[in-house]
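Spelled out from the first residue to the last, the chains are:
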Amino acid sequence: MKKALITGINGQDGSYLAEFLLHKGYEVWGTLKRNSVSENQTARLDVIYEKLNLIYADMTDLSSIISAIQKVMPDEIYNLAAQSHVKISFDQPIYTANATGIGTLNLLEAARMIKPNTKIYQASSSEMFGNNIDDDGFQRESTPMNPVSPYGCAKVFSYNICRNYRNSYGMFVSNGILFNHESPRRGTNFVTNKVCKEAVKIKMGLSNELKLGNLEATRDWGHAKDYVKAMWDILQLDKPDDFVCATGVSHSVRELCEYVFTKLDMNYKDYVKVDPKFLRPEELHDLKGDSSKLRSLTDWRHEYTFETMLDDMIDHWIRQYSNK
């Protein structure tokens, strides 16, 4: 039985990945950052809670990462823990740099000292590209990185330090450059779930307005369920490398709103308002990924479309508010 350690297991990706690995027969361990309201901390893990081994650790605390690896001695590590909200990274840039950037270095150094043959997956991000885009309109592994947020900057550091440890110490460290991926488990301060939740509330008479930032920004949105399989696929390859994971189709926030509200028999123009407080100090305009490298070396394909992903999220909030 393989042992996997997932940092940030209680996040959206961590919870889906834990379910996926349990189904594969893994012994699954996960790190939690201590929270004063512990009752809500593992809500995404409720269905599989009894099958997991959970330990407290913090990416900014090297000693806790060392302790976790010593205790688990994992075959695979999936580093998903981070301060992952782009807008918040402007409000907390130093914490974001420490948790999202230096935290990765802490993990790599701990693994190098304790179990250097562990296979490590690093959750890299499309935010690393910033507004750089190739002539054909796509971003891929060779696209220059020019991040436009503290979060993106921290992720670029993590990406590069992973490559450095791979090349310097021969460690199996792979970067998955995942484009935006969503689900009903996505935090509601992220635009997709924010739109779905608020639209359902408006439909049910529980709200009357949705405030958003830049409606013209485009993103390549996929479903987190599809993307956690890509994480696993990447670590099953014979050699470590860096891979873009994306659907290859992008949509604007405006199109997102139009689809969700139309699905609920409403016109988004009647309810959506632009609020300057949700605009970024430096905007990232367009993201669209080319995952042909990943597809050529694995059997990974995305099953959800933009529309079926949103349908899943809309249905979730309808069930939530219908039960209240």
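Residues numbered from 1 in each chain as written. Predicted model: local features only at pLDDT ≥ 70, side-chain atom pairs only at ≥ 80, totals over all residues. Heavy atoms only, no water.

**What about helix α10 (residues 306–322)?**
Heads up, the condition is: Put simply, DSSP marks the helices as runs of H or I at least four residues long and the strands as runs of E at least two long, and each gets a number from the N terminus on. Expected span, for any helix, means 1.5 Å times one less than how many residues it has. Summary of the burial criterion: residues with accessible area below 20% of their type's maximum are buried, those above 50% are exposed, and those between are partly exposed, where the area comes from a 1.4 Å probe applied to protein chains only. The contact criterion used throughout is that any non-hydrogen atoms of two residues lie within 4.5 Å.
End to end, α10 covers 24 Å across 17 residues, agreeing with the expected 24 Å (1.5 Å per residue, within 8%). All of the buried residues along α10 are F306, M309, L310, D311, M313, I314, H316, W317 and Y321. Residues of α10 that are buried sit in contact with β7 (181–182), α6 (191–203), β10 (222–223), β12 (251–252) and α8 (253–263).

**Notes on the pairing of strand β6 (residues 173–178)**
Short version of the rule: Whether two strands pair comes down to DSSP finding at least two bridges between them. The handedness rule is simple: strands pointing away from the viewer, and a clockwise path from the first strand over the helix to the second, make the crossover right-handed.
Here β6 lies mainly inside the structure; 6 of its 6 residues are buried. Side chains V173, N175 and I177 of β6 all project onto a buried face; the interleaved residues S174, G176 and L178 project onto the opposite face, where all are buried too. Direction of pairing for strand β5 (residues 119–125) relative to β6: parallel, over a ladder of 6 bridges. In the sheet register, I120 faces β6, and the bridge partner there is V173. A crossover links β5 with its parallel partner β6, the connecting element being helix α5 (residues 150–169), and its sense is right-handed. In terms of strand pairing, β6 meets strand β11 (residues 242–245) through 4 bridges, oriented parallel. Note that in β11 the partner of N175 across the bridge is D242.

Fair warning: the whole summary comes from geometry, so function is off the table for now.
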